[in-house]
Amino acid sequence: MVDKSESSLLFPAPISPQIVSSGTESIPSRQKVALKPGRSLMDWIRLGRSGQDLTGVGGHTLNVTSAELAKHNTPEDAWIAIRGKIYNISPYLEYHPGGQEELMRGAGIDGTQLFDEIHKWVNAESMLEKCYVGKLMTDLPTRKGSGVSRSSKSSKGSTSSNSLTPSGIISKAPPTFSQATSPQIPVYDWFQNSRAVTLSVYTRWKNIQPEHITVDKADRDLLLTVVIDMFIYTVHLELEEDVTTDYVVKVHTESGKVEVTLPKCKPEYTWKTLGKSLPGDKSFLKASETETVFREGEVVSVRQVTHDTKLLCIAPPHGSRVCVPIGHHIHIKHTVQDMEITRSYTSVLPSLIQNNQDPRIDQGTAVYLLIKIYPNGALTPWIDTLQPGNKIHFSGSTGTFDLSQLAGVTHLFLFAAGTGFTPMMRIIYHTVVTSEESSKMQVHLMFYNKKEQDIFWRHELDILASTSSRFQVTYVLSEATENWTGLRGQICMAHLADKIPVIEDSIKPLVCACGPRPFTELVMRLAKSHGLQDTNLHAFLG
């Protein structure tokens, strides 16, 4: 997962068309839909503040049926429904970095699911506020004998009663779901001794890791969220008595059991109950159906890594334990000129050197992000001004990479373009630096950049390559100087064919790719052309 470009909004850039792979197939380092001059995100913000009517209906609020919505499906007259609200997207088409065709996929329909599949953390309400047409209505069946057709707000746009939980996190009551599409529902129990209370969650998921558990506490309000595959289980309680924030989280991978030990503020006091259930307690939802929630953290440190890239260390609010699994990302949000902007960034490490690590990462009290600054971007100019002590809002983690994918892998190939290096950093550290000495996994990083000065952590990568017989790194530049002696150009079949061995019974390769979407998709196609199957591939896509 690369840190999102400054123009990544609403729907994704269109997937590159399939092309026949050849030994010379390559792709430019960046392929985006070319926007007309004056069509940047900041231009869109300025247009929204100009007072011009972007609704197309004179600013009147309408109640719109699905049938009426369906009529507005042309570029000149395009409406979309997101969470029960109708927006006129015609004025926004030329500002959409993914192109008009991609955005028009949602024209005339309820595009909530399409939106949530890609960028549910983006605040569409803020982005399209000036384009608001009205509410989506849905026809209910006519009551027998009444002769009256009633309408009500679409369920997708309805607002359930929410409760404010620690650090501003919103918890929703659990909806029903099919057992056939979800793991077995977890349960939790508790026990105590004179010093602490231990809460045990039985997930039955053998891939559970400590990073999958997030704890938030404000006074006696405790919110525990556990990521279980593609689902999230929530424990939300008002504890009988207060506990300290010196939590201890332990997982039992053989059974999937999670233990969270909460030290008592009143040692020796015997609790009669664990506490009172609060809204959202025992909910078990698909991750795609949960709210994206944000905490107000604090910038701890800022370090310049390259000429245009900074390393930020962020501390969660007091009482929160936030760990990010390897290869996963969090979302940063900030309001720019009255518009809420959100971007996602993959969690990294402060270093590839073992002695230079920050123990607060494993404790859940520090998150590191590597962020490239775009001078004309929407969010990173603000990020560029951040100093230690400044506040920053960030979400919990999301992602699809799982450490179980590394089981049995003999050859790991990492293809990274630019900030696509961010998920690779922790994968390298896990497989090379902290792995058991008996490991025989060969790890090769193909690192693509424009110029030599753009290469992140080059010194540490070179040290690791010189000290580990299992790690290699190859740098490829698209705008190299005459003095550059390494590879030049872009990703091509030759780069894969030269590195990836022929698959045999004793060889199990895994190819991971991250960078601009066209780059990542091309790596996947080339790898398949080379004979690899889907089980041998992982794409870090937004």
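Cut-offs applied
Throughout, residues of each chain are indexed from 1 in the direction in which the sequence is written. Selection of residues for local features in this predicted model requires a pLDDT of at least 70, selection of side-chain atom pairs for listing and counting requires 80 or more, and totals for whole chains, interfaces and linings are taken over all residues. Processing note: side-chain calculations cover all non-hydrogen atoms of the structure and skip hydrogens and water entirely. Strands were regarded as paired on the criterion that DSSP finds at least two bridges between them. In this description a helix means any DSSP run of H or I spanning at least four residues, a strand means any run of E spanning at least two, and both kinds are numbered starting from the N terminus. Should any heavy atoms of two residues lie within 4.5 Å, those residues are counted as being in contact. The angle between two axes is taken between their N-to-C directions and runs from 0 to 180 degrees, where each axis is a line fitted to C-alpha atoms and a helix contributes only its stretch in contact. Burial classes follow relative accessibility: with a 1.4 Å probe on protein chains only, a residue under 20% of its type's maximum area counts as buried, one over 50% as exposed, and anything between as partly exposed. Buried Ala, Val, Leu, Ile, Met, Phe, Trp, Tyr and Cys residues that are joined via side-chain atoms within 4.5 Å together make up what is termed a nonpolar core. Any carboxyl oxygen of Asp or Glu that lies within 4 Å of a side-chain nitrogen of Lys or Arg is treated as forming a salt bridge with it. A helix is expected to reach a length of 1.5 Å times the quantity of its residues less one. A residue's pLDDT is the confidence the predictor assigns to it, expressed on a 0 to 100 scale. In summary, the pairing rule links any two rings of Phe, Tyr or Trp, Trp by its six-membered ring, whose centres are within 6.5 Å, and it sorts them by plane angle into stacked for under 30 degrees, edge-to-face for over 60 and tilted for everything else. The rule is short: NZ of Lys or CZ of Arg within 6 Å of the ring centre and within 35 degrees of the ring normal puts a charge over the ring. When two cysteine sulfur atoms are found within 2.5 Å, that pair is recorded as a disulfide. Any pair of N or O atoms that falls within 3.5 Å is considered a polar contact. Within protein, one atom must be able to donate a hydrogen and the other to accept it, and sequence-neighbouring residues count only if both atoms are side-chain atoms.

**Brief notes about the sheet that holds strand S28 (residues 487-488)**
Then, in step 1: What the six strands build is an open sheet, ordered S28-S27-S26-S25-S29-S30; its pairing is parallel. The sheet is open, and its two edges are formed by S28 and strand S30 (537-540), each paired on a single side.
Then, in step 2: With seven bridges connecting them, strand S25 (residues 411-417) and strand S26 (residues 442-449) associate as parallel partners. Note that in S26 the partner of Ala416 across the bridge is Phe447.
Then, in step 3: Packed on one face of the sheet, helix H8 (residues 421-433) meets S25, S26, strand S27 (471-477), strand S29 (509-514) and S30 and runs near 155° to S25.

**Looking at the sheet that holds strand S21 (residues 329-336)**
Pairing between sheet strands relies on hydrogen bonds along the backbone, with the strands arranged either parallel or antiparallel.
Then, in step 1: Strand order in the closed barrel formed by six strands is S18-S19-S23-S22-S21-S24, with antiparallel pairing between adjacent strands. When strand polarity is set aside, the average angle formed by the axes of neighbouring strands in this sheet is 45°.
Then, in step 2: Where S21 and strand S24 (residues 391-395) come together, two bridges link them in antiparallel fashion. In the strand pairing of S24, Lys333 is matched with His393.
Then, in step 3: Its contacts with the sheet put helix H1 (residues 41-48) on S21 and strand S22 (339-348), and the angle it makes with S22 is roughly 155°.
Then, in step 4: With respect to the sheet, H8 is in contact with S22 and strand S23 (367-372), its orientation differing from that of S22 by roughly 30°.

**Remarks on unusual backbone geometry**
For residues besides glycine, phi is generally negative; the peptide bonds are generally trans as well.
Then, in step 1: At Asp229, a position not held by glycine, the phi torsion is positive, near 60°.
Then, in step 2: Looking at where Asp229 falls in the secondary structure, it is placed in the loop between strand S12 (221-228) and strand S13 (231-239).
Then, in step 3: The class of Asp229 is partly exposed, set by a relative accessible area of 43%.
Then, in step 4: Located in the positive-phi region is Glu268, a residue other than glycine, with phi close to 80°.
Then, in step 5: If you trace the backbone, Glu268 turns up in the loop between strand S15 (257-263) and strand S16 (275-277).

**Some details on the nonpolar core**
Then, in step 1: Trp44, Leu128, Ile332, Ile341, Leu369 and Ile383 are the most contacted members of the largest nonpolar core, which totals 44 residues.
Then, in step 2: Looking at which element gives the most residues to this core, the answer is H1, with five residues.
Then, in step 3: The contacts of Ile383, once residues within four sequence positions are left out, are Leu312, Tyr345, Ile371 and Ile373.
Then, in step 4: In this structure, Leu349, Met424, Phe456 and Trp484 belong to the second largest nonpolar core, which totals 42 residues.

**Re the pattern of salt bridges**
Then, in step 1: Using the criterion set out here, one finds 17 salt bridges in the structure.
Then, in step 2: Here Lys333 makes a salt bridge to Glu340, at a shortest N to O gap of 3.7 Å.
Then, in step 3: The class for Glu340 is buried, based on a relative accessible area of 19%.
Then, in step 4: Of the charged contacts, one joins Asp534 and Lys528 as a salt bridge, the two residues approaching to 2.9 Å between their closest N and O atoms.

**Focus: the environment of Lys282**
Then, in step 1: Looking at the element boundaries, Lys282 is found in the loop between S16 and strand S17 (284-286).
Then, in step 2: Considered as a pair, Lys282 and Val187 are 95 residues apart in the sequence and their alpha carbons are 7.6 Å apart.
Then, in step 3: Ignoring sequence-local partners within four residues, the contact set of Lys282 consists of Tyr188, Tyr233, Thr234 and Val235.

**Remarks on helix H11 (residues 517-529)**
Then, in step 1: Given a rise of 1.5 Å per residue, 13 residues ought to cover 18 Å, and the 18 Å separating the end C-alpha atoms of H11 matches this to within 8%.
Then, in step 2: Burial analysis of H11 places 11 of its 13 residues in the buried class, which makes it a mostly covered element.
Then, in step 3: Along H11, the positions that sit buried rather than exposed are Arg517, Pro518, Phe519, Thr520, Glu521, Leu522, Val523, Met524, Arg525, Leu526 and Ala527.
Then, in step 4: Here the buried face of H11 lies against S25, S26, helix H10 (493-499), S29 and S30.

**Some thoughts on the confidence of the model for the protein**
Then, in step 1: Looking at the protein, the pLDDT average stands at 83 and 84% of residues meet or exceed 70.
Then, in step 2: Predicted confidence is poor over residues 4-32, with pLDDT under 50, and the contacts of this stretch with residues over four places away or in other chains come to 95 contacts.
Then, in step 3: Segment residues 140-180 is flagged for pLDDT under 50; beyond a separation of four residues in sequence, or across chains, it makes 78 contacts in the model.

**Section: the pairing of strand S4 (residues 85-88)**
The side chains of a regular strand alternate between both faces of the sheet.
Then, in step 1: Two strands pair when backbone bridges link them, and strand S3 (residues 77-82) and S4 are joined in this way by four bridges, in the antiparallel orientation. Directly across from Trp79, in S4, lies its bridge partner Asn88.
Then, in step 2: Counted between consecutive antiparallel strands, the loop separating S3 from S4 contains two residues, among which Arg83 sits at a positive phi close to 55°.

**Describing H8**
Then, in step 1: The end-to-end C-alpha distance of H8, which contains 13 residues, comes to 17 Å, matching closely the 18 Å that a straight helix rising 1.5 Å per residue would cover.
Then, in step 2: Counted residue by residue, H8 has 12 buried out of 13 residues, so it is predominantly covered.
Then, in step 3: Of the positions making up H8, those classed as buried are Phe421, Thr422, Pro423, Met424, Met425, Arg426, Ile427, Ile428, Tyr429, Thr431, Val432 and Val433.

**Digging into the environment of Ile232**
Then, in step 1: Structurally, Ile232 is set in strand S13.
Then, in step 2: Sequence-wise, Ile232 and Lys286 are 54 residues apart; in three dimensions their C-alpha atoms are separated by 6.3 Å.
Then, in step 3: With near-sequence residues (within four places) excluded, Ile232 lies in contact with Thr225, Val226, Val227, Ser283, Phe284, Leu285, Ala287 and Thr290.

**Regarding the packing of aromatic side chains**
Then, in step 1: Scanning the model with the defined rule gives 10 aromatic pairs in all.
Then, in step 2: Judged by centre distance (6.2 Å) and plane angle (40°), the ring pair of Phe447 and Phe456 falls under tilted.
Then, in step 3: Phe447 sits in the buried class, given a relative accessible area of 0%.
Then, in step 4: Among the aromatic residues, those joined into a ring-pair cluster are Phe421, Phe447, Phe456 and Tyr475.
Then, in step 5: In this structure, Lys85 packs its charged tip against the face of Tyr132, placed 6.0 Å from the ring centre.
Then, in step 6: The aromatic ring of Tyr188 is capped on one face by Lys282, whose charged end is 5.6 Å from the ring centroid.

**Description of the state of the cysteines**
Two cysteines form a disulfide when their sulfur atoms are joined by a covalent bond.
Then, in step 1: Within the structure shown, the criterion is met by zero disulfides.
Then, in step 2: For Cys512, which is in no disulfide, the shortest distance to another cysteine sulfur is to Cys514 and amounts to 9.7 Å.
Then, in step 3: The exposure class of Cys512 is buried, given its relative accessible area of 0%.

**Description of the side chain of Asp43**
Then, in step 1: With respect to the helices, strands and loops of the structure, Asp43 is situated in helix H1.
Then, in step 2: With relative accessibility at 18%, the residue Asp43 sits in the buried group.
Then, in step 3: Here the side chain of Asp43 touches Arg39 through a polar contact of 3.2 Å, landing on its backbone nitrogen.
Then, in step 4: A polar contact is formed between the side chain of Asp43 and the side chain of Arg46, at a distance of 2.6 Å.

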